[in-house]
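Structural description and commentary
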Amino acid sequence: MEVTRIGVVGLGAMGAGIAQVAVEAGFAVVGREVTDELGETAAARIGHFLTRKVEKGQRTQDERDAAVARLETTTDLAALADCDLVIEAIVEELDPKRALFAALERTCRADAVLATNTSALSVTEIAAATSSPGRIVGMHFFNPAPLMPLVEVVRAELSSDDAVETAVAVVAQFGKVAVPCHDTPGFVVNRVLIPLLNDCVRVLDEARVTPEALDAAMTNGAGWPMGPCTLVDLVGIDVHVHASEALYEKLREPRMAPPPRLVAMRNAGLLGRKSGRGFYAY
Ligand code: CAA
């Protein structure tokens, strides 16, 4: 199906990043948040990053302004009624996502493709909250969405070929790399990355090294673009712990379980960059 209008539900760090990618690629975007203030914050964030591109000579002012003008924010789910594709990026919990997809099914056109950006929940379980699971797929972006090229396109048990092909085509129009895969816990990257990052956190205590030293080890010794502590701070310690718990619940492998040190940080409100403090202070 040809896509010209994209809805994004939830304009936090991931949703705003996805909306930015879509307006930069020329799509009309309707971004939905629960309050006007949150919508305005996301629009300002997108405007800021696009202004930086103008300042660095990567875009003209006209291109920036046209991209910003393609974004409309709303608090009303009904504003998504004309979208060809809706990408959900709300809180990473099953019940709210299932409720949202049931509402989207009532709101959107019958031929619209509905995608979830979930990183560790089952797309099949989300789709099962609707009576039209064929049009539901996963489109899993990586943080920060405007900078990371990969999008996993996740085929749930009942996803139609058309829905998967539509998502893959949109990822190509975004200028990103699609890796289609099946709906297994953690899909491809998080199945590998989450236990790896958990190992990194355990090594902090086992090898008695500081976060700075561990990050220096992995950037200089393994060629990582950023160290594991910097990365967990970027992803969000709450998000990482939640994804670890979801994978552990499904796979029962000890390495998937969140290290107690990370759980304690999450419980103390040390969530990384977004809270101003995680392994590092921001
Ligand atoms: N949104 C939009 N634009 C952004 C941004 C964001 N969140 N963050 C930065 N930018 C823009 C900025 O304008 C920035 O330029 P200025 O600082 O001059 O304004 C520009 O992008 C370049 O930023 P950086 O200089 O920080 O870019 P870099 O070359 O250092 O690369 C990186 C940054 C791509 C993030 C790189 O460090 C990297 O690849 N890190 C690894 C990230 C990673 O592994 N992500 C996956 C996390 S796991 C995940 O997401 C899965 C999950 O489900 C939880």
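Before going into details, it helps to say that this report is about the structure given with it. (Residues numbered from 1 in each chain as written. Predicted model: local features only at pLDDT ≥ 70, side-chain atom pairs only at ≥ 80, totals over all residues. Heavy atoms only, no water.)

**Concerning unusual backbone geometry**
- A cis geometry characterises the amide bond from N143 onward to P144, with omega recorded as 0°.
- Within the secondary structure, P144 is located in the loop between β6 (136-141) and β7 (150-155).
- For R208, which is not glycine, the phi torsion reads 50° and is therefore positive.
- Tracing the backbone shows R208 in the loop between α7 (189-206) and α8 (211-222). (Helix = DSSP H or I, 4+ residues; strand = E, 2+ residues; numbered from the N terminus.)

**Some details on the side chain of E88**
- With respect to the helices and strands, E88 occurs in strand β4 (residues 85-88).
- The class for E88 is buried, based on a relative accessible area of 0%.
- Non-local contacts of E88, meaning those with residues more than four positions away in its chain, are made with V9, K97, L100, F101, A115, T116 and N117. (Buried < 20%, exposed > 50% of the residue type's maximum accessible area, 1.4 Å probe, protein only. Contact = heavy atoms within 4.5 Å.)

**Remarks on the pattern of salt bridges**
- Considering all chains together, one arrives at 15 salt bridges under this definition.
- Of the charged contacts, one joins K53 and E24 as a salt bridge, the two residues approaching to 2.9 Å between their closest N and O atoms. Of this pair, K53 sits in helix α2 (residues 36-55) while E24 sits in helix α1 (residues 13-24), and the two are 29 residues apart along the sequence.
- Within the structure, one salt-bridge network assembled from shared partners comprises E24, K53 and R59. (Salt bridge = Lys/Arg side-chain N within 4 Å of Asp/Glu carboxyl O.)

**Points about the pairing of strand β1 (residues 5-9)**
- Burial within β1 is extensive, with four of its five residues counted as buried.
- Examined bridge by bridge, β1 and strand β2 (residues 28-32) share five bridges and lie parallel to one another. When the bridges of β2 are listed, V9 appears paired with R32.
- Tracing the backbone out of β1, into α1 and back to the parallel element β2 gives a crossover that is right-handed. (Pairing = 2+ DSSP bridges. Right-handed = clockwise from strand over helix to strand, strands pointing away.)

**Some remarks on the nonpolar core**
- Grouped together as the largest cluster of nonpolar side chains are 35 residues, with contacts concentrated most on I6, L85, M139 and F141.
- Every element with two or more residues in this core is listed here: β1, α1, α2, β4, β5 (113-116), β6, β7 and α6 (161-173).
- The element best represented in this core is α1, accounting for seven residues.
- With residues near it in sequence (within four places) discarded, F141 still touches M14, I18, I87, N117, L150, V151, F174 and K176. (Core = buried A, V, L, I, M, F, W, Y, C linked by side-chain atoms within 4.5 Å.)

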